[in-house]
Amino acid sequence: MPRPSASIEDRLAVGLSERFDPVALENGSRVGVIGGGPAGSFFSLFLLKMAETIGLDVDIDIYEPRHFVHKGPAGCNHCGGIVSEFLVQLLAAEGFRLPPEVVQRGIDSYMLHMDVGTVRIDTPLQEKRIAAVYRGNGPRDAGPAPTHVVGFDRHLQDLAVSRGAKIRRQLVNQVSWEEDRPHVQCSTGPSEVYDLVAVAAGINSNVLQPIEGLEFGYRIPEAARTFICEFHLGEATIREHLGTSMHLFLLDIPHLECAAIIPKGDFVTLCLLGDKIDDSLVTTFLDAPEVRACFPKAMVPRTVCHCFPRINVKAAVRPFTDRIVLIGDSGVARLYKDGIGSAYRTAKAAARTAVFHGISDEAFAKHYWPTCRQIDVDNSIGRFMFTVSHVIQKTRPTRRALFRMTATEQTRTGNRRHMSSVLWDLFTGSAPYREILLRTFRPAFVARLGWNLVAGNVAPGSLASANGQPTNGDANGH
Amino acid sequence: MGIRSLGKRYRSGESIVCQGAAGNCMYVIQEGQAEVYREENGREIRMAVLKEGDFFGEMSIFDREVRAATVKALGDVRVLTIDKKTFMRRIQKDPSLAFDIVRTMSQRIRQLNCDLAEMRARETEK
Ligand SMILES: Cc1cc2nc3c(=O)[nH]c(=O)nc-3n(C[C@H](O)[C@H](O)[C@H](O)COP(=O)(O)OP(=O)(O)OC[C@H]3O[C@@H](n4cnc5c(N)ncnc54)[C@H](O)[C@@H]3O)c2cc1C
């Protein structure tokens, strides 16, 4: 017999719904979550947490075949593993601390490598507020797994389980619509009926096609091929050569948008993002002197694990309908930055809609879609900013100006760090692209950049006075 | 307390926030413990000991007053800063972000009420 549901008055009492949707979660409702990556676990966690605040009792099944305890690609969700400064703060405010077993290295700075020199950009508070994590349980050829290592995805999943979610270690093959409810089918066992299905299956999943086939207007997001590999360097070598900084590269290599080396425990992760990442681009990148200089004796070691995963580069169309919502990479993700952060935002917006506003197409359109749209619109501005970054990559005088301006600012204390703060937020994903762009229009920024364009190119030797390390060629004015 | 920790490290006895100072952030303890003191009439009164996961300094996120107490590291401690700007901007879009902080504050008010009632009871007994 169905239990009585939380009354509409209860929901109105929390002040978040002006007119409650007739299609709503009730006590005893069943929620199926396809995918137990960040989006699926965040959604389950927030749904259970919010439901508890209004005395709503729902059952959640998370379908996830991965245990996240195996080494190498089979146990991992293929990503650079940077949890942004912004997300680390929000999670801490929500009471979710990232423990040392999960954090493989606390990051406190960025090193920007260009052909004209290398400059270090410190966190505004000189504090480790960025977390480098494993999404699985470490690289394939990593030897026996240290017992104190827990992958980020596993950690979030355990949090969701501790709040009451159940894990089903199964791959979903089919989602269908029968008798007004979504049905979830795995390769074995009967199909399960749910009141709400949240699809958090990432961008590489088999289940997105059948969902597109349901013909409610959903279109799978566009994706691009990327490259990730891991090197084993050992803790002492990493400390000496890479420290607690994330290393970014602004090099003139066609089709390369972002390149980062991220130190973690005994390993180093290399990520290459762009619109045409292939073997030859990887070889060109690894041959670059700026890249080799990051490794001992300027030699890039053998990789212990590598893959070419895909990344969401254009939002899905209509990622919701009655009783179905698509979150994280299956819906909308932030362009090239903070994909885990956008998984958090879309998952939370979907959970909030389901608990406080309803689970109909109308409720998701009104209360969930605005969050997705905001990310999508901001991505358009991000695309423009990456185009500008291409221009900088291609023109040496602008690289010199950028290098000089940043390096000079890093020697100063106080708030007048115009370029450093723009680069920091661009690389860390700490601020929306729109906000970063607006900052570059400020007269002080434009004037300083203009001055550095002149000073950095008329007297390139003056680079040597800045806080970075100019390459020999540039210090000599070549 | 090494490479795998987030936040900033404070050594035993070091002040993390000082009573009377202006503040525009709050803190969450990542590892270790901290003690809260309040200075009254030149005397330091220990108010509480905070542990892993506890917040402090949250009042200055919501008001413009100076810090109400001093917080010092009790042994080595790692503390993560949450910027007022980051937090308040996000809260406009997602008010549920404040839920845990409001709950902690309400628990602290409950505790204060209990302490106050006990003090009054002791005074009337005297
Ligand atoms: C090269 C690269 C580097 C990146 N670096 C970063 C970074 O440093 N920081 C950052 O924030 N973001 C980064 N991202 C983006 C980030 O990885 C994603 O945005 C994020 O993982 C999205 O989370 P998700 O939960 O939506 O999807 P996923 O992490 O892909 O999780 C989906 C889950 O669903 C499961 N699943 C799939 N199909 C099914 C099915 N049919 N049945 C059951 N389960 C299923 C999968 O096993 C998986 O666990 C990077 C991406 C790439 C490609």
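Residues numbered from 1 in each chain as written. Chains lettered and ligands numbered in written order. Predicted model: local features only at pLDDT ≥ 70, side-chain atom pairs only at ≥ 80, totals over all residues. Heavy atoms only, no water.

(A) Expanded view of the site of the ligand. Residues and elements named next belong to chain A. Close contacts around the ligand come from 38 residues, with Glu64, Ile82, Arg135, Ser205 and Asp329 the closest. Protein chains bury 92% of the 1,000 Å² of accessible surface belonging to the ligand in isolation. Of all the secondary structure elements, the ones that give two or more residues to the shell around the ligand are helix 2 (38-53), strand 17 (267-274), strand 19 (310-314) and helix 9 (339-356). Residues belonging to the shell around the ligand are distributed by class as follows: 19 nonpolar, 13 polar and six charged. (Near = heavy atom within 4 Å. Areas by Shrake-Rupley, 256 points an atom, 1.4 Å probe, with all protein chains shown as cover. Helix = DSSP H or I, 4+ residues; strand = E, 2+ residues; numbered from the N terminus. Nonpolar A, V, L, I, M, F, W, Y, C, P; charged D, E, K, R; others polar.)

(B) A look at the packing of aromatic side chains. All names here are of chain A. Taken as a whole, this structure holds 17 aromatic pairs over all chains when the rule is applied. With centroids separated by 6.2 Å and ring planes inclined at 25 degrees, the aromatic side chains of Phe216 and Tyr218 adopt a geometry described as stacked. On the basis of relative accessibility, which here comes to 0%, the residue Tyr218 falls in the buried class. Through pairs of rings, three or more aromatic residues link up here, namely Phe42, Phe46, Phe96 and Tyr344. (Phe/Tyr/Trp six-rings, centres within 6.5 Å; stacked < 30°, edge-to-face > 60°. Buried < 20%, exposed > 50% of the residue type's maximum accessible area, 1.4 Å probe, protein only.)

(C) Up close: the nonpolar core. Counting residues in hydrophobic clusters, the biggest one holds 70 residues, and the most contacted among them are A:Phe43, A:Leu47 and A:Ile327. Considering each element in turn, this core owes the most residues, ten residues, to helix 9 of chain A. When residues are assigned to domains, this core turns out to be shared by domain 1 (3-83) and domain 2 (94-126) of chain B, each giving three or more. Setting aside its immediate chain neighbours within four residues, A:Ile327 contacts A:Ala39, A:Phe43, A:Ala198, A:Val199, A:Ala200, A:Thr346, A:Ala347, A:Ala350 and A:Tyr368. (Core = buried A, V, L, I, M, F, W, Y, C linked by side-chain atoms within 4.5 Å. Domains from an automatic or database assignment. Contact = heavy atoms within 4.5 Å.)

(D) Spatial organisation of the pairing of strand 17 of chain A. Residues and elements named next belong to chain A. Across the eight residues that make up strand 17, a large majority, eight, are buried. In strand 17, alternate side chains face the same way, and those of Phe267, Thr269, Cys271 and Leu273 on one face and Val268, Leu270, Leu272 and Gly274 on the other are all buried. Relative to strand 17, strand 14 (residues 227-232) runs antiparallel, the two sharing six bridges. Its bridge partner being in strand 17, Ile228 is matched across the sheet by Cys271. Between strand 16 (residues 256-264) and strand 17, which pair antiparallel one after the other, the connecting turn spans two residues, and Gly265 there sits at a positive phi close to 50 degrees. (Pairing = 2+ DSSP bridges.)

Interpretation in functional terms is not warranted from these geometric data alone.
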